[in-house]
Amino acid sequence: MPPLVLTLTDAGIAALRAASGTNAIVIAQLGLSARAVVAAPTLTVLPDEHRRLSTISKPRSMTAPST
């Protein structure tokens, strides 16, 4: 199975760079495509997107503590 390749938008990259060790980063949506994509700032849609997922996550404060 080939590796899963993630491509981040410019906004996603900016959020990663701006985050400190205590700021949460939330991936709000994930677009899926079987096509290899060359990221470019001019892209406004994911080429050949066949599904868009809204992720489900909980704030870190709501997760169960490690035991």
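Below is a short write-up of the structure.

Criteria and cut-off values
- Note that residues are indexed from 1 along each chain, following the sequence as it is written.
- Reporting of local features is limited, given that this is a predicted model, to residues whose pLDDT is at least 70; pairs of side-chain atoms are given and counted only at 80 or more, and all residues count toward the totals for whole chains, interfaces and linings.
- The basis for every side-chain value is the complete set of heavy atoms in the structure, and neither hydrogens nor water enter the calculation.
- Residues with no salt bridge and a relative accessible area higher than 30% make up the patches, which join like charges within 9 Å and nonpolar side chains (Val, Leu, Ile, Met, Phe, Trp, Tyr) within 5 Å.
- Here the accessible surface of atoms and residues is derived via Shrake-Rupley with a 1.4 Å probe, and residues count as covered only by protein chains that are part of the display.
- Whenever a carboxyl oxygen of Asp or Glu lies within 4 Å of a side-chain nitrogen of Lys or Arg, that contact is scored as a salt bridge.
- Secondary structure elements are defined from DSSP: runs of H or I of at least 4 residues count as helices, runs of E of at least 2 residues count as strands, and each element is numbered from the N terminus.
- The classification of residues rests on relative accessible area computed with a 1.4 Å probe and restricted to protein chains. Under 20% of the type maximum is buried, over 50% is exposed, and intermediate values are partly exposed.

Focus: a nonpolar patch on the surface
- Taken together, the side chains of Leu-4, Leu-6, Ile-27, Leu-30 and Leu-53 present a nonpolar region at the surface, about 490 Å² in accessible area.
- By the secondary structure assignment, Leu-53 is in strand E2 (residues 49-54).
- Owing to a relative accessible area of 35%, Leu-53 belongs among the partly exposed residues under this scheme.

Looking at the pattern of salt bridges
- In total, this model carries two salt bridges according to the counting rule given.
- The partner of Asp-48 in a salt bridge is Arg-35, and the shortest N-O contact between them spans 3.5 Å. A residue pair is termed long-range when its members are at least 10 positions apart, and Asp-48 in the loop between strand E1 (29-33) and E2 and Arg-35 in the loop between E1 and E2 qualify at 13 residues.
- Residue class for Asp-48 comes out exposed when judged on its relative accessible area of 53%.
- We note a salt bridge from Glu-49 to Arg-52, for which the minimum N-O separation is 3.0 Å.

Describing the environment of Ile-27
- Note on placement: Ile-27 falls in the loop between helix H1 (10-18) and E1.
- Classification of Ile-27 as partly exposed rests on a relative accessible area of 49%.
- For the pair Ile-27 and Ser-54, spaced 27 residues apart in the sequence, the C-alpha separation amounts to 8.4 Å.

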